[in-house]
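Residue-level structural notes
Residue strings, one per chain:
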Amino acid sequence: MISIHLPRGSWSFDPQLQLGPAGGFGTVYAGTDKDGRPVAVKRLKLSAGDAAHRELRIASEIAGKQLSQVIPMYDAGEDSESGSYFVVMARADRSLQDEISSRGNLSDTEAAGVLLQIANGLSEVGQLVHRDLKPGNVLLHEGNWKIADFGIARFIEESTSLNTLKDCLSAPYAAPEQWRFEQSSGATDIYALGCIAYALLTGKPPFAGPSTEEFGRQHQHDQPPPLDRVDRRLCSAVGMMLRKSPAARPVLSRTIRLLSEATVPADTGAGFVALASVGASVAQRESEVDARQSVDVSGKQRRDRLADDAKLVLRDLIDDLFARIIRAAPTAIQTVIPLRVRLGEAALRVSFLGDAIALGEFARSQWDVVAGATILIQQANPAYEWSASLWYARMKPADEYRWYEVSYFSNLIGGTSHPRPEFAPFALTHDIHHADEAAAQVVGLYQFAWGPKPIDDENSDEFCNRWASLLAKAAEGQITYPRNLPLPA
């Protein structure tokens, strides 16, 4: 046994008794505390000569906290005699990697439950980013799957050269931005969670390498193989997590909601099965678009590329909407120029803004809007138009980019110089100043009539149903000026 002396006490470990395979940041050994009780001791791939600091801050951030989905941490820091760095934690029954190695893969519901426990563990530690999330760092302890090694990767990042950091990456689970040595964020852990999902569902991570260089290329540019025979809701969620751009991945709270929904039985009606399948296909196409967008460009080029790819995502969604309308009403007629589907004397039309929207155009609301489009219902008798703006945006800096639907109506504060528009709700896609004013919720000419509502990914079915219903009403001449605005959510 080797004895070590850390900031919170003395510990011992057996260098011949390794617990699991060596990881990117270190190796775990069976150990004991001073009273002989079992613990796990991780020796980091770091020495005092490499370090820019003399302590691991994770000791103060995690040690002693009562967390249900994070492995209890007892001590962390530099051994006063050897100069090596260690982390001491509770000894678990087995790792999630052990579970995968012995079973091959888990059922959809079981996998979703494990992923939900991991996601809840990420939520428990707030803004602390793990940076090295993988099955070997998820441990079964007291009947629950818990995350281990929080904060170690950040310490490694701050204490080593780029070459050392590259050697420490857990290649099958490292996010694209980590291969570019960019700053890690919560989105980095979401990507790793998507890789873990692949391993749980298929028995192996999404990319096979085998070399470090191949792993780096695959994570940055390749698409993982399709998940066959997997619950379509879970398949959609995994596809979102594995998007190449960090900004396009779902935030943690949304990830938890998606995984929670995937743990309950799906509606088995034929219509809902078909809708779930379409939703998964849309998520896959969005992921492919995001991979194309991940080419390393900067400034205006990056924004233009993001806008172009956003339009492809929306076009896929609109094509799906039109196809479903035609399946439901075979007499409907679709045209490409203009992008429209007609049903009797009614029509549903979509038009896109030509260029990317410059950063700062929505200055008052602080929305980051990259692209825009208009969706419009035209009713012939009686004549009426019902429309909405579609914005590809993130509402807050911490959000991911998504397509949102927003419609507007007049505040009637302009007097005779700004009479009430003949139709409502309506789009303001070509009037960015007033759209920004409405989003900022200041007193202006217009305010929200409905939304903003996300329309992509898990919300795509609702969007298609809403506009198909409006087209049906328009074909019957049933659309009129709403009695009350704003419309109920």
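Position labels on residues start from 1 in each chain and follow its written sequence. Owing to the predicted nature of the model, reporting of local features is limited to residues with pLDDT of at least 70; listing and counting of side-chain atom pairs is limited to 80 or more, with chain, interface and lining totals taken over all residues. By convention in this description, side-chain values take in all heavy atoms of the structure and omit both hydrogens and water.

1. With respect to unusual backbone geometry
Backbone phi values are negative for most residues with the exception of glycine, while trans is the configuration of most peptide bonds. With an omega dihedral of -5°, the bond running from I337 to P338 counts as a cis peptide bond. Mapped onto the secondary structure, P338 falls in the loop between β10 (333-335) and β11 (340-343). Look at the link from A424 to P425: it is a cis peptide, with omega at -5°. Strands here are runs of E lasting at least two residues and helices are runs of H or I lasting at least four, both read from the DSSP assignment and numbered beginning at the N terminus. With respect to the helices, strands and loops of the structure, P425 is situated in the loop between β15 (402-410) and α13 (432-439). Even without glycine at this site, Q366 takes up a positive phi of about 65°. Turning to its location among the elements, Q366 is positioned in the loop between β12 (346-352) and β13 (368-379). Buried, partly exposed and exposed residues are distinguished by accessible area as a fraction of the type maximum, computed with a 1.4 Å probe on protein chains only: under 20%, between the cut-offs, and over 50%, respectively. The exposed category is assigned to Q366, whose relative accessible area is 56%.

2. Quick word on the pattern of salt bridges
Charged atoms that come close allow side chains of opposite charge to pair. The rule for a salt bridge is simple: a side-chain nitrogen of Lys or Arg has to be within 4 Å of a carboxyl oxygen of Asp or Glu. By the definition in use, this model includes 30 salt bridges. Salt-bridge contacts for R103 lead to E110; the nearest nitrogen and oxygen are separated by 2.8 Å. Since its relative accessible area comes to 34%, E110 is described here as partly exposed. With its nearest N and O atoms 2.9 Å apart, the salt bridge here joins D319 to R315. Of this pair, D319 and R315 both sit in helix α12 (residues 299-328), four residues apart, which is roughly one turn of that helix. Sharing partners across several salt bridges, the network here consists of R243, R254, R257, E261, E400, R402, D456, D457 and E458.

3. Focus: the sheet that holds β10
Whether two strands pair comes down to DSSP finding at least two bridges between them. Strands sit in the order β10-β11-β12-β13-β14-β15-β16 across an open sheet of seven strands; the sheet is antiparallel. Two strands lie at the open edges of the sheet, namely β10 and β16 (446-454), each paired on one side alone. Going from strand to strand, the sheet's axes swing by 20° on average, the running direction of each strand aside. By the bridge criterion, four bridges tie β11 to β12 in an arrangement that is antiparallel. Of the residues in β12, the one forming a bridge with L343 is A346. Working rule for contacts: check all heavy atoms of both residues, and any pair within 4.5 Å makes them a contact. Fitted lines through C-alpha atoms give the axes, limited to the stretch in contact for helices. The angle between two N-to-C directions lies from 0 to 180 degrees. Its contacts with the sheet place helix α14 (residues 460-475) against β11, β12, β13, β14 (384-394), β15 and β16, and it is angled at close to 30° to β13.

4. Let's talk about the side chain of T27
Along the chain, the position of T27 falls in strand β3 (residues 26-32). Residue T27 is classed as buried on the basis of its relative accessible area, which comes to 12%. Ignoring sequence-local partners within four residues, the contact set of T27 consists of Q18, A22, V41, K42 and R43.

5. Observations concerning the environment of K473
One can find K473 in helix α14. Note: C-alpha distance between K473 and A346 (127 residues apart in sequence) is 8.9 Å. Those residues in contact with K473, other than ones at most four positions away along the chain, are Q379, Q478 and I479.

6. Let's talk about the sheet that holds strand β9 (residues 144-147)
Consider a sheet: its strands pair through backbone hydrogen bonds, and that pairing is either parallel or antiparallel. Ordered in space as β7-β8-β9, the three strands form an open sheet in which the pairing is antiparallel. Of all strands in the sheet, those with a lone pairing partner are β7 (94-95) and β9, marking the two edges. Relative to β9, strand β8 (residues 138-141) runs antiparallel, the two being bridged by four bridges. Bridging across to β9, V138 finds its partner in I147. Against the sheet, helix α3 (residues 108-124) contacts β8 and β9, and its axis sits at roughly 40° relative to β9.

7. Points about the packing of aromatic side chains
Any two rings among Phe, Tyr and Trp, with Trp reduced to its six-membered ring, count as a pair given centres within 6.5 Å; such a pair is stacked if its planes are under 30 degrees apart, edge-to-face if over 60, and tilted if neither. Using the criterion set out here, one finds 11 aromatic pairs in the structure. Judged by centre distance (6.1 Å) and plane angle (10°), the ring pair of F362 and W367 falls under stacked.

8. Describing the nonpolar core
General note: in soluble globular proteins, nonpolar side chains tend to be found buried as a group. L96, I118, L200 and L234 are the most contacted members of the largest nonpolar core, which has 64 residues in total. Here this core gets 11 residues from one element, more than from any other, and that element is helix α7 (residues 186-202). In contact with L96, other than residues within four places in its own chain, are V114, I118, P135, V138, W145, I196 and L200. Counting residues in hydrophobic clusters, the runner-up holds 40 residues, among them A346, A371, W386 and F423. Note on terminology: a nonpolar core comprises buried Ala, Val, Leu, Ile, Met, Phe, Trp, Tyr and Cys residues joined through side-chain atoms within 4.5 Å.

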